[in-house]
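Structural description and commentary
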Amino acid sequence: MNQPNASFGKRCLAHIAPLLFVFSLFFITTANAQQSKDPDVIGRWDLTVDKGGQSLPSWLEVQKSGTHTLIGRFCYAFGSARPISQVMEKDGKFSFSIPPQWEEGTRNMDFEFEVNGDAIKGTMVYTDGQTYNWSGVRAPLLARSKTPVWGKPIRLFNGKNTKGWHTDGRPNQWVVENGILRSKKSGANLMTDKTFTDFKLHIEFRYQQGSNSGVYLRGRYETQVIDTKSGEPEPINNQFSSIYGFLAPNKMMAKNPGEWQSYDITLVGRLVTVVANGQEVICKQIIPGITGGAIDSKEGEPGPIFIQGDHGPIDYRNIVIIPAK
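All values derive from a computational prediction rather than experimental measurement.

1. Comments concerning unusual backbone geometry
Leaving glycine out, the prevailing phi sign among residues is negative, and the prevailing peptide bond configuration is trans. Although it is not a glycine, Asn178 adopts a positive phi angle of roughly 55°. Tracing the backbone shows Asn178 in the loop between β11 (174-177) and β12 (180-183). We note that Asn277 has phi near 50°; this positive angle belongs to a residue other than glycine. In this structure, Asn277 sits in the loop between β18 (271-276) and β19 (279-286).

Pasting the structure below:
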């Protein structure tokens, strides 16, 4: 008595199975279509803020948290990248608010903006209550299709004078003594006349207790030089050998103040490797965007090596670069 029913059940399953397969493809396709409709605002953006006649480089990242909430990070002309708890959307426009970091004042910085393809523009209400305009473009990927071929080493500092370097426009306090490039007090930043794209850089430095400097790659990404051992506490991604505010070292290799130290840095596209005092502490990590203090936000262009001289006394020597051909 059970045999006819079992045969009938098998025949039904044989007809239903293809329908189930079709329905599953429909739902998968629909889900993928929904995923592809993420708002254009998602991604990384190179910004320029027009603040009182000054063009200030900044950076914005917007990403999804879960299925619909937008969050992000923002880096202003100075300081480090800071989190955005939520990016709000209304009538095709976006907004967010962040507390001050190193800015004077106590009010939040409020942003409103809109996106059109690969372009973005908006306003910023600064901590002084003034409103400023800004605009930007989608940040380039900087992905390299080929392994770089390295050229010949170039000695950027000749040990005698600052030939091949210039300041950022402020009075020059840099001097050369006994083969050492010295900034004995806070003053101007110093940058190379030449610009570079991909390269290997060797640089040696010495700081006093509590002092602070930085080596900017292409003038846009700061490798932090700071007295982590005895200076004031900093977040791990702001400490010695970090890519400031973004990438933390996997091991702390800082020596004591007054000792000579070294970085060997390789930058290819956005991929950076940092060797601090002989130990690899960052290995082929992506630098998301510009760091505070960048010369501009034009990430797709070559840029100088620039060393920070406005955060305390610092010494440098043996600065050698090997550019990619």
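2. Some words on the pairing of strand β21 (residues 314-323)
Taken across its 10 residues, β21 has seven buried, putting it largely inside the fold. For strand β9 (residues 154-155) and β21, the ladder comprises two bridges, and the chain directions are antiparallel. The partner of Arg155 across the bridge, within β21, is Val320. In the sheet, β12 pairs with β21 via three bridges, with the strands oriented antiparallel. The residue bridging Leu181 from the neighbouring strand is Tyr316, located in β21. Where strand β14 (residues 199-207) meets β21, eight bridges bridge the pair, whose relative direction is antiparallel. Residue pairing in the sheet places His202 in a bridge with Val320 of β21.

3. What about the pairing of strand β15 (residues 212-217)?
Where a strand is regular, its side chains alternate between the two sheet faces. The buried count for β15 comes to six of six residues, which makes it a mostly enclosed element. Alternating positions in β15 separate into two faces, Asn212, Gly214 and Tyr216 on one and Ser213, Val215 and Leu217 on the other, with burial throughout. With six bridges connecting them, β15 and strand β16 (residues 221-226) associate as antiparallel partners. Residue Gly214 lies in a different strand from β16, and its bridge partner there is Gln224.

4. Focus on the confidence of the model for the chain
Looking at the chain, the pLDDT average stands at 91 and 89% of residues meet or exceed 70. Within the model, pLDDT remains below 50 along residues 19-23, and this stretch shows zero contacts once partners closer than five positions in the same chain are excluded. For residues 25-34, every residue scores under 50 in pLDDT, and the model assigns this stretch zero contacts once sequence neighbours within four places are set aside.

5. Topic: the side chain of Glu222
Its place among the elements puts Glu222 in strand β16. Among buried Asp, Glu, Lys and Arg side chains, Glu222 stands out as unpaired, with Arg170 the closest opposite charge at 12 Å. A distance of 3.2 Å separates a polar atom in the side chain of Glu222 from a polar atom in the side chain of Tyr216. Beyond its immediate chain neighbours, meaning those up to four positions away, Glu222 contacts Ser213, Gly214, Val215, Tyr216, Ser242, Ile243, Tyr244, Thr291, Gly292 and Gln308.

6. Considering the nonpolar core
Leu201, Val215, Leu217, Val272, Ile307, Tyr316 and Ile319 are the most contacted members of the largest nonpolar core, which has 43 residues in total. Secondary-structure elements contributing two or more residues to this core are β14, β15, β16, β17 (261-268), β18, β19 and β21. Take this core: its biggest share by element is five residues, from β14. Discounting residues that sit within four places of it in the chain, Ile319 has contacts with Ile154, Arg155, Leu156, Phe157, Trp165, Leu181, Leu201, His202 and Ile203. By size, the runner-up hydrophobic cluster in this structure holds 24 residues, among which are Phe74, Ala77, Phe113 and Trp134.

How each quantity is defined
Residues numbered from 1 in each chain as written. Predicted model: local features only at pLDDT ≥ 70, side-chain atom pairs only at ≥ 80, totals over all residues. Heavy atoms only, no water. Helix = DSSP H or I, 4+ residues; strand = E, 2+ residues; numbered from the N terminus. Buried < 20%, exposed > 50% of the residue type's maximum accessible area, 1.4 Å probe, protein only. Pairing = 2+ DSSP bridges. pLDDT = per-residue confidence, 0-100. Contact = heavy atoms within 4.5 Å. Lys, Arg positive; Asp, Glu negative; His and termini not counted. Salt bridge = Lys/Arg side-chain N within 4 Å of Asp/Glu carboxyl O. Polar contact = N/O pair within 3.5 Å; in protein donor to acceptor, adjacent residues only side chain to side chain. Core = buried A, V, L, I, M, F, W, Y, C linked by side-chain atoms within 4.5 Å.

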